[in-house]
Amino acid sequence: MAPPADLIRALKDLETDDHRHGSRNLIDHLVGTHGLLEAWEQPTHVQRAGLFHSVYGTEFHTQAAIGLADRQRIQALIGEPAE
């Protein structure tokens with residue numbers, strides 16, 4: 001099953017489809033991570049965490065889609081346990 005449409009829309013609003021992540025864009029990576037977690041039958045909050053796991057940037061992916069100051073915005077979207 002695909003991630004919820006509102007979460008995909010939020011990722012697109014963060015322009016994750018314009019952020020490079022290796023050989024693809026960030027949104028493809030995030031949706032792929034969600035898909036793996038779903039296939040592994042992880043709880044919904046873990047799947048949602050995977051869907052947003054690198055929007056703040058990482059050690060190797062330094063282009064953040066959103067700053068840490070906006071954590072509450074992400075928390076409102078995916079829930080506190082996932083964020």
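A few points on the structure. The structure displayed is predicted, hence computed values, not measured ones.

## Some points on helix 1 (residues 5-13)
Right, so step 1: Here helix 1 has its buried residues at Leu7, Ile8, Ala10 and Leu11. The buried residues of helix 1 occupy an angular sector of 160 degrees when projected down its axis, which confines them to one face. For helix 1, exposure combined with an orientation more than 90 degrees from the buried face picks out Ala5, Arg9 and Asp13.
Right, so step 2: Residues of helix 1 that are buried make contact with helix 2 (26-39), helix 3 (44-51) and helix 4 (71-78).
Right, so step 3: Where helix 1 terminates, the next one or two residues include Glu15, which has phi positive at roughly 60 degrees.

## Details of the packing of helix 1 against helix 2
Right, so step 1: Two elements in contact, helix 1 and helix 2, have axes whose closest approach is 10 Å; the angle formed by their N-to-C orientations is 150 degrees. Our classification of the angle between helix 1 and helix 2 gives roughly antiparallel. As for how helix 1 packs across helix 2, the hand of that crossing is right-handed. Touching Ile8, Leu11 and Lys12 of helix 1 are Ile27, Leu30 and Val31, all from helix 2.
Right, so step 2: Grouping the amino acids of the contact of helix 1 with helix 2 by side-chain chemistry returns five nonpolar, no polar and one charged.

## A closer look at the side chain of Ser54
Right, so step 1: Assignment of secondary structure puts Ser54 in the loop between helix 3 and helix 4.
Right, so step 2: We classify Ser54 as buried; its relative accessible area is 1%.
Right, so step 3: Excluding its chain neighbours within four sequence positions, the residues that come into contact with Ser54 are Leu26, His29, Leu30 and His61.

Criteria and cut-off values
- Residues numbered from 1 in each chain as written.
- Predicted model: local features only at pLDDT ≥ 70, side-chain atom pairs only at ≥ 80, totals over all residues.
- Heavy atoms only, no water.
- Buried < 20%, exposed > 50% of the residue type's maximum accessible area, 1.4 Å probe, protein only.
- Helix = DSSP H or I, 4+ residues; strand = E, 2+ residues; numbered from the N terminus.
- Arc of directions from axis to C-beta.
- Contact = heavy atoms within 4.5 Å.
- Axes fitted to C-alpha atoms, helices over the stretch in contact; angles between N-to-C directions.
- Parallel < 35°, antiparallel > 145°, perpendicular 65-115°, else oblique.
- Left-handed = near helix turned anticlockwise from the far one by under 90°.
- Nonpolar A, V, L, I, M, F, W, Y, C, P; charged D, E, K, R; others polar.

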